[in-house]
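Chain by chain, the residues:
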Amino acid sequence: MPNITKHRRFVATAVAVTLGATTLAACGGSDDDGEAQTGPAKLTYWTWTPGMDKVVDLWNKGPGKEQQITVTVKKQASGDTLVTKILTAHKAGKGPDLVQAEYQALPTLVSNDAVADIAKESGDAKGKFADGVWQQTTLGSDAVYAIPQDIGPMMFYYREDLFKKYGLTVPKTWDEFAETARKLKKEEPEVDLTTFSASDSGLFAGLAQQAGAKWWTTEGQRWKVGIDDAATRKVADFWGGLVKEGAIDNQPMYTPSWNKALNTGKQIAWVSAVWAPGTLTTAASDTQGKWKMAPLPQWSDSENVTGSWGGSSTAVTTDSKHKGAAAKFAAWLNTDPQALTALAKEGGIYPAATTAQTSDAFAQPPAFFSNQPDFYTAASEIAKTTAPSAWGPNVNVAYTSFKDAFGAAAKDKSDFGAALKKMHDDTVADMKKQGFEVSE
């Protein structure tokens, strides 16, 4: 990438994301270094996925051995911690060859010239993924900044036995969801349909995504932040209203109290993602075989769309001296049938590659959902309806503000609209502070 200011790189990214321009195609170093490199290549891969070393062994003993490309796994923390470490290593010119990157982190990594454009080396990988998934690794441009690895399409989980006991019907719309929550609370005051967890910004982002929100877009050469847009306000008002009237709980998830509520039937539904069975196995171990999964409720009867909560990709860094070799490994890891089966088995991931979602690895439902044989068949259909995302350069700031503002609002049962405006304003202020051009 040319030696331009951080501000100008962010603007270039914004234009590419929105207009599908090729502004970034020459950035990030999609040069011929990798292809011109001769001799053995020894690569390092920073990842947090469990069991990745076993998956990489398949490469090292097979295609990697044939091509003289050896990969060594270096286990890392996930989230903002890893993003910070990548950027720090890049500034020192000591980044690894490959990194696992959450989709929402890619704009930041691209704009800081930390990951390379591997469009020339990605081959036919694009055809292995749904358009909405592939878009998250191209930022809407002709460049390819990573190969999708796993995704987290959102779904609705419910206690089938307790829905029958209380005479409830699985809600197909959010209006029906609200009425179900109210009916349950009226008849069983000690039981909640679900909770609004203000500690989970990714969940809220996925719900807003389903409603059509575009949190980061551009107008000309300026970023436009749309966190406080009509779609997100609809979501905030909906959940805030339910919390305020006491129709649902307001406690955070992943706490001993929340686990107990799930395990004892005091909370009988959960808006989550495809990875939920693993969480329920630990949080509600006594309820195996009692849950079922259904599509997320819709905002209207005519819609069929879901949001995304979680998911990551494999990116090649601009510090790598073997970009071509690294790109070959990234493509193999996320498209090769043997690799994908191992990722599912060893890492417990739900692969982004569409063919893998209906492979033998997912022929049987999760053990916790043995009562729903078509679990993964339904999941693959839901995954196809995932709405496109619109991530920006300071997702971490927006997420932190969400936890603070919505955390206070949920606790006090106060206005979620005011919390949303605070989240929006904090995000805009941070971008301006860093020198980005932002339109109001």
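Rules and cut-offs
- Residues numbered from 1 in each chain as written.
- Predicted model: local features only at pLDDT ≥ 70, side-chain atom pairs only at ≥ 80, totals over all residues.
- Heavy atoms only, no water.
- Helix = DSSP H or I, 4+ residues; strand = E, 2+ residues; numbered from the N terminus.
- Rg over C-alpha atoms; globule rule 2.2 N^0.38 Å.
- Buried < 20%, exposed > 50% of the residue type's maximum accessible area, 1.4 Å probe, protein only.
- Contact = heavy atoms within 4.5 Å.
- Areas by Shrake-Rupley, 256 points an atom, 1.4 Å probe, with all protein chains shown as cover.
- Expected span 1.5 Å × (residues − 1).
- Salt bridge = Lys/Arg side-chain N within 4 Å of Asp/Glu carboxyl O.
- Pairing = 2+ DSSP bridges.
- Axes fitted to C-alpha atoms, helices over the stretch in contact; angles between N-to-C directions.
- 1 Å grid on protein atoms, 1.4 Å probe; cavity = no way out; pocket = protein on both sides within 12 Å on 5 of 7 lines; lining within 4 Å.
- Points joined across faces, edges and corners; volume = space filled by probe spheres on them.
- Nonpolar A, V, L, I, M, F, W, Y, C, P; charged D, E, K, R; others polar.
- Core = buried A, V, L, I, M, F, W, Y, C linked by side-chain atoms within 4.5 Å.
- Parallel < 35°, antiparallel > 145°, perpendicular 65-115°, else oblique.

**Student:** Explain the overall build of the chain to me, please; I cannot follow it from the model alone.
**Tutor:** Looking only at helices and strands, the chain features 18 helices and ten strands. Rg of the C-alpha trace for the chain: 22 Å, near the compact-globule value of 22 Å for 440 residues, within the 12% margin. For the chain, the spread of C-alpha atoms along the principal axes amounts to about 70 × 50 × 40 Å. Out of the 440 residues belonging to the chain, those deemed buried represent 58%. Intrachain contacts of the chain at a sequence separation of at least 6 include 77% that bridge at least 24 residues. Counting only carbon and sulfur atoms, one obtains 49% of the accessible surface of the chain, whose full area is about 18000 Å².

**Student:** Would you take a moment to explain helix α11 (residues 230-245) for this structure?
**Tutor:** Think of an α-helix as 3.6 residues a turn; residues three or four steps apart then line up on the same face. With 16 residues, α11 should cover 22 Å at 1.5 Å per step; its first-to-last C-alpha distance of 22 Å lies within 8% of that length. Of the positions making up α11, those classed as buried are Ala231, Thr232, Val235, Ala236, Phe238, Trp239, Gly240, Leu242 and Val243. At its buried positions, α11 is contacted by α9 (174-187), α10 (201-210), β7 (269-273), α17 (395-412) and α18 (416-433). Gly246, located one to two residues past α11, shows a positive phi value of around 80°.

**Student:** Even after reading the chapter, I still don't get the pattern of salt bridges, so can you show me in this structure?
**Tutor:** Per the counting criterion, the structure on display carries eleven salt bridges. In this structure, Arg159 engages Asp161 in a salt bridge whose closest nitrogen and oxygen atoms are separated by 2.9 Å. With a relative accessible area of 5%, Arg159 lands in the buried category. Given the relative accessible area of 31%, Asp161 is considered partly exposed. For the salt bridge of Asp192 with Lys185, the shortest nitrogen-to-oxygen distance reads 2.9 Å.

**Student:** Quick question: what am I supposed to make of the sheet that holds strand β5 (residues 216-219) here?
**Tutor:** Within a sheet, adjacent strands bond to each other through the backbone by hydrogen bonds, running parallel or antiparallel. One open sheet accounts for three strands, arranged β5-β6-β10; its pairing is mixed. Every other strand in the sheet has two partners, leaving β5 and β10 (438-439) as the edge strands with one partner each. Where β5 meets strand β6 (residues 222-225), four bridges bridge the pair, whose relative direction is antiparallel. By the bridge assignment for β6, Glu219 is matched with Arg222. The strands that α18 touches are β5, β6 and β10; relative to β6, the one it contacts most, it runs at about 165°.

**Student:** What should I look at first to understand empty space enclosed by the protein in this one?
**Tutor:** Unoccupied space between atoms shows up once a probe the size of one water molecule is rolled over them. For the structure shown, the criterion picks out five cavities of 30 Å³ or more. Here the largest cavity is characterised by a volume of approximately 100 Å³. The wall of the largest cavity is formed by Ala205, Ala208, Gln209, Ala213, Lys214, Trp215, Pro388, Ser389, Ala390 and Trp391.

**Student:** I tried to follow the environment of Val225 on my own but got confused; where do I start?
**Tutor:** Following the sequence through the fold, Val225 ends up in strand β6. Residues Val225 and Thr427, spaced 202 residues apart in sequence, show a C-alpha to C-alpha distance of 7.8 Å. For Val225, the residues in contact, after removing those within four places along its chain, are Trp215, Trp216, His424, Thr427, Val428, Met431 and Val438.

**Student:** Could you clarify how one ought to interpret the layout of surface pockets in this entry?
**Tutor:** Reported here for the second largest pocket is a volume of approximately 270 Å³. Lining of the second largest pocket is provided by 17 residues; of these, Gly348, Ile349, Phe362, Pro366 and Tyr376 occupy positions nearest its centre. For the lining of the second largest pocket, the element with the highest residue contribution is helix α13 (residues 276-283), accounting for three residues. For the lining of the second largest pocket, the class distribution of residues is 13 nonpolar, four polar and no charged.

**Student:** What am I meant to see in unusual backbone geometry here?
**Tutor:** A negative phi angle is the norm for most residues apart from glycine, just as the trans form is the norm for most peptide bonds. In this model, Gln68 sits at a positive phi of 60°, which is unusual for a non-glycine residue. Structurally, the position occupied by Gln68 is in the loop between α4 (63-67) and β2 (69-75). For Gln68, a relative accessible area of 45% puts it in the partly exposed group.

**Student:** What should I look at first to understand the nonpolar core in this one?
**Tutor:** Counting residues in each nonpolar core, the largest one holds 121 residues, and the members touching the most others are Phe196, Trp215, Trp216, Trp239, Val271 and Phe406. Ranked by the residues each element gives to this core, the list is headed by α17, at eight residues. Those residues in contact with Phe196 that lie beyond four places of it in its chain are Phe204, Trp239, Val243, Ile248, Asp249, Asn250, Gln251, Phe402, Phe406, Ala410 and Phe416. Counting residues in each nonpolar core, the second largest holds 19 residues, with Trp46, Ala89, Val110 and Val115 among its members.

**Student:** Got a minute to help me understand the packing of α9 against α11 in this structure?
**Tutor:** Any two packed helices are characterised by how steeply their axes cross, that is the angle between the axes, and by the distance between the axes. Viewed as axis vectors pointing N to C, α9 and α11 meet at an angle of 10°, and their least axial separation amounts to 11 Å. Comparing their axes, α11 and α9 come out roughly parallel. Contacts between α9 and α11 involve Trp174, Phe177, Ala178 and Arg182 from the first element and Phe238, Trp239, Leu242 and Glu245 from the second.

The values reported here are purely geometric and, on their own, carry no functional implication.
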